[in-house]
Structures are given as structure tokens and as C-alpha cells.
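A structural walkthrough
The residues making up each chain are set out below.
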Amino acid sequence: MNSEQEIANSKILSNSIILKVLGKNIPFSICSIELHKQWNRFGNFHLTSLGLNWILFSFKPNDVMEEFLSGGPWYIGGHIVGLDKWLPSFSPLSLKGLTVPVWIRFPLFPLNCWDEVNIARIALRIGTPMFLDGNSLNWSKKEFARIYVRVNLESKLPSGVWVDGLGGHFFQKVEYKKLSSFCFHCSRIGHLESNCPERVFKKATHNDPTDTVNQETSHSSI
Ligand SMILES: [Zn+2]
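Attention here is on the structure that accompanies the text. (Residues numbered from 1 in each chain as written. Predicted model: local features only at pLDDT ≥ 70, side-chain atom pairs only at ≥ 80, totals over all residues. Heavy atoms only, no water.)

Thoughts on the pattern of salt bridges
Under the criterion given, the structure shown has 5 salt bridges. Here Glu 175 ties to Arg 105 by a salt bridge, and the two come within 3.2 Å at their closest N and O atoms. In this pair, Glu 175 sits in strand β11 (residues 175-176) while Arg 105 sits in strand β6 (residues 99-107), placing the two residues 70 residues apart along the sequence. The partner of Arg 146 in a salt bridge is Asp 133, with the nearest N and O atoms 3.2 Å apart. (Salt bridge = Lys/Arg side-chain N within 4 Å of Asp/Glu carboxyl O. Helix = DSSP H or I, 4+ residues; strand = E, 2+ residues; numbered from the N terminus.)

Overview of the environment of Val 102
Relative to the elements of secondary structure, Val 102 occurs in strand β6. Relative accessible area serves as the criterion here: at 1%, Val 102 is assigned to the buried category. Between the C-alpha atoms of Val 102 and Tyr 176, which are 74 residues apart in sequence, the distance is 7.1 Å. Residue contacts for Val 102: discarding those within four places in its chain leaves Ile 80, Ile 147, Tyr 148, Val 149, Val 151, Leu 179 and Ile 189. (Buried < 20%, exposed > 50% of the residue type's maximum accessible area, 1.4 Å probe, protein only. Contact = heavy atoms within 4.5 Å.)

Describing the side chain of Ser 16
Within the secondary structure layout, Ser 16 lies in strand β1 (residues 16-21). According to the relative accessible area criterion, Ser 16 is buried, its value standing at 1%. Within the structure, the side chain of Ser 16 is placed 3.1 Å from the side chain of Ser 58, a separation counted as a polar contact. Those residues in contact with Ser 16 that sit more than four places away from it in its chain are Leu 56, Phe 57, Ser 58, Met 65, Lys 85 and Trp 86. (Polar contact = N/O pair within 3.5 Å; in protein donor to acceptor, adjacent residues only side chain to side chain.)

Here is the structure:
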């Protein structure tokens, strides 16, 4: 390949995001209408269909991309949208690197751990903390701490995490808000239990190790 040309192409794409509606194959034309309706406020942008239900989202103004990435969560037809900055390593055949932002809650959170540093530290076990709900630091209500995190689609979402605090070792329950396309079999976002690659793989292996049709079907519907 011509490296100089590749670098020039990558520079043009440096202000782009790749995204995919998770859990359902929605036609590009419908996604395009929905995205223009919802994201009009992000100014001028261009959408490109990349096949396999991937969409390239290119921004005109430089400063909007970060605002967009820290916004959301975004939904189309009730299905959550996974996204990532475009990188030369992007492959439409893999969900690697794709993330979804989600609100998580820590119910009955110990009062001695209730501060920005410790809430973010626990949230790090689930994903990348983005910002804390301002009400979480309000002393008139301490029913749960709430924080926005970016979760990698390859990560399992735990129902809780073990934490060491001044009060001793305890299990902090974690709740996830408005998760669509969550698989209760492998605890990941992006597909339903009926399409779980792990489950279909085990089933196919058990029935007929040479039968890969089911696996391919399940991947294509992610
Ligand atoms: Zn699964």
C-alpha cells in the first residue's frame, strides 16, 4: 500500500466515529433518518453506510466529537447504539473496541465511601467512568450512587463487586439502567440470550462439531 496516501486518508477520517445498532439489523435508510433527527444539534455531519450494519459518522467541527462521545446513551428503535472513534485497526467483522455508555447505580452504598474518588474507583471495575450524577453528592438523598460509565462490549457486566473499605470487606450490588440487548447468559451487552455466541457455540459443539451455521447466524445478528 502507499503509506503516504493511507496517512492522508486516515487524517481525513480522524474526526469520525463508527457505530452499530446492537441487537437488531436496522436498514441504513431508517438509521439515517433517526440519527439526523436525534443528532441535529451536533451540527454538520455525514453518514456513510459501511455494510454489515456499520455506519461511519463524520463530523465537520472538531470540537463536537468529544461532546458526542460523552453524551447518550443513544438508541435507535429502542436498541442501544455501540460506538468508537474510527481507527485504522477498525474491522467491520469485529465488535472489538466498541463501547456503550450506560448509567449504573450502587444501591445502599456505604456512607463512608460516598465521594467522587471512591465511586469512580468502584465504577472502574465495570468500565471507564465519565461523570457522576450531581445528585449523588447531595446529602438530602443517599439511596444510591449513580455514575455514567463507558462499557466495552467484550466486558461482562457484573451484578456486583467486592470492595474493601473501612467497614470491612463487602459486596456492592450494581444496577444497570435501561439496558437493551443484554444477554443474561454471558452478561454482555450487544445481543439477547437467544443469540448468545457462547450458548450457540456450546449447543453446536454438543450436537455436531462440524456445524458452524448456527454460530455464523448468531454473529451476524449482533
Ligand atoms: Zn451472550
